[in-house]
Amino acid sequence: GEFGSSEMQLILDMLIPQTAALASETENEGSKVAATSSWNFDFALILLGLLTNCVESHAENRRTFGKLKKKKAVLLVVDMFLKTLPPNIVDALKNPKKRQEEVDFDWKPEQLVISSHVCLLIGCLMRENKENKLRILRYIPGHSPVIMIHVLRAFLAFQKDARVLSPEALVGISSVISDLEKMLKIVKEDKQVEKEKPKEHVEKKVLKSNESVTSPASGKSTHDAKAETKAGSKPASRQTPEKSRKKKKGIAISWEDI
């Protein structure tokens, strides 16, 4: 059912220190008591599961969550997600020069489980909610959901290998991955269109410049002279965004997508 803002705020306030403690333990491995680590891990999973269940199928709960903490709650969840990732991955997300062809997460199962659960929460918060989606994609390094797709695919593979994945969980995770993949396709298309815009602007500028320049021999504009010498020939067709997008179809998820 629908949760009020106070209930969601309470869960979020309890969740933030738990994930922060887990991130701290990862950075200072061996310095924490095992019992404390287990408590943080289990409690964080319970809280993440509770919030995910609240927003997974309830549009109003997603809107409510998006308004928490002066509309910064979704950004806090993204920060949580980034803290669960290995430092080399976060560095690569922020700095394209550090990206490699292969994504080497180099983490333990506990890290993957926590990271994937935060990922599921983010994916559900973006579902059919434009405001949450825009805020999250603008904030996450790379402005793309590709890293979340990587994490959830790795989690699915891990769960299948461990044979602990229930049919319900498989459907839920696969649904979020599907949502993120559709989002990634739109992000890639938008980036392709943005790449075309400067090109079109330069072409228009050159064309305008050509029309104003007069050929000294004939007194005609260079544009008219070219039109006469190439009469009947077809102009070179520039590749449309649609065509270039078709060429990219089927490319595997990689750093190039970010």
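The shown structure was predicted, so the numbers you read here are calculated from the model rather than taken from an experiment. (Residues numbered from 1 in each chain as written. Predicted model: local features only at pLDDT ≥ 70, side-chain atom pairs only at ≥ 80, totals over all residues. Heavy atoms only, no water.)

Here we come to the overall build of the protein. Each helix and strand in the protein was counted, giving twelve helices and zero strands. Its helices and strands taken in sequence order, the protein reads α-α-α-α-α-α-α-α-α-α-α-α from the N to the C terminus. The buried share of the protein, reckoned over its 258 residues, is 39%. Taking contacts inside the protein between residues at least 6 apart in sequence as the whole, the part at least 24 apart equals 73%. Of the accessible surface of the protein, which amounts to about 15600 Å², a share of 55% is contributed by carbon and sulfur atoms. (Helix = DSSP H or I, 4+ residues; strand = E, 2+ residues; numbered from the N terminus. Buried < 20%, exposed > 50% of the residue type's maximum accessible area, 1.4 Å probe, protein only. Contact = heavy atoms within 4.5 Å. Areas by Shrake-Rupley, 256 points an atom, 1.4 Å probe, with all protein chains shown as cover.)

This paragraph deals with the pattern of salt bridges. For the structure shown, the criterion picks out seven salt bridges. Residues Arg-62 and Glu-128 are paired through a salt bridge, measuring 4.0 Å at the closest nitrogen-oxygen approach. Separated by 66 residues along the polypeptide, Arg-62 in helix H3 (residues 59-66) and Glu-128 in the loop between helix H7 (109-126) and helix H8 (130-139) bring together distant segments of the chain. The exposure class of Glu-128 is exposed, given its relative accessible area of 74%. Connected via shared salt-bridge partners are Lys-71, Glu-131 and Arg-135. (Salt bridge = Lys/Arg side-chain N within 4 Å of Asp/Glu carboxyl O.)

Glancing now at unusual backbone geometry. For Lys-69, which is not glycine, the phi torsion reads 50 degrees and is therefore positive. Positionally, Lys-69 belongs in helix H4 (residues 68-71). Given a relative accessible area of 32%, Lys-69 falls into the partly exposed group. The backbone phi angle of His-143 is positive, close to 55 degrees, even though this residue is not glycine. The class for His-143 is partly exposed, based on a relative accessible area of 46%.

A word on the side chain of Arg-135. Mapped onto the secondary structure, Arg-135 falls in helix H8. Side-chain polar atoms of Arg-135 contact the side chain of Glu-131, separated by 3.0 Å. (Polar contact = N/O pair within 3.5 Å; in protein donor to acceptor, adjacent residues only side chain to side chain.)

Along the polypeptide, Ala-169 turns up in helix H10 (residues 167-212). Taking the C-alpha atoms as reference, Ala-169 lies 9.5 Å from Leu-156; in sequence the two are 13 residues apart.

Averaged over the protein, the pLDDT score is 77; the fraction of residues at 70 or greater is 67%. Counted against residues more than four places away or in other chains, residues 30-35, with its pLDDT under 50, gives two contacts. Taken together, the stretch residues 225-253 has pLDDT below 50 and engages in 26 contacts with residues farther than four places along the chain or on a different chain. (pLDDT = per-residue confidence, 0-100.)

Attention shifts here to the packing of aromatic side chains. In the structure shown here, the tally under the stated rule is one aromatic pair. With 5.0 Å between their ring centres and 20 degrees between their planes, Trp-39 and Phe-43 make a pair best called stacked. With Trp-39 and Phe-43 both in helix H2 (residues 34-56) and four residues apart, the pair spans about one turn of that helix. (Phe/Tyr/Trp six-rings, centres within 6.5 Å; stacked < 30°, edge-to-face > 60°.)

In this section: helix H6 (residues 87-94). Taken together, the buried positions of H6 are occupied by Ile-89, Val-90, Ala-92 and Leu-93. Here the buried residues of H6 occupy an arc of 160 degrees about the axis, which is enough to place them on one side. Facing away from the buried side of H6, by more than 90 degrees, are the exposed residues Pro-87 and Lys-94. Elements that come into contact with the buried residues of H6 comprise helix H5 (73-84) and helix H9 (146-162). (Arc of directions from axis to C-beta.)

Let us now look at the packing of H7 against H9. The contact between H7 and H9 brings their axes to 9 Å, and the two run at 125 degrees. Classified by the angle their axes make, H7 and H9 are oblique. Taken as a pair, H7 and H9 cross one another with a handedness that is left-handed. On H9, the residues touching Pro-109, Leu-112, Val-113, Ser-115, Ser-116, His-117, Cys-119, Leu-120, Ile-122 and Met-126 of H7 are Met-148, Val-151, Leu-152, Ala-154, Phe-155 and Phe-158. For the contact of H7 with H9, the per-class residue count stands at 13 nonpolar, three polar and no charged. (Axes fitted to C-alpha atoms, helices over the stretch in contact; angles between N-to-C directions. Parallel < 35°, antiparallel > 145°, perpendicular 65-115°, else oblique. Left-handed = near helix turned anticlockwise from the far one by under 90°. Nonpolar A, V, L, I, M, F, W, Y, C, P; charged D, E, K, R; others polar.)

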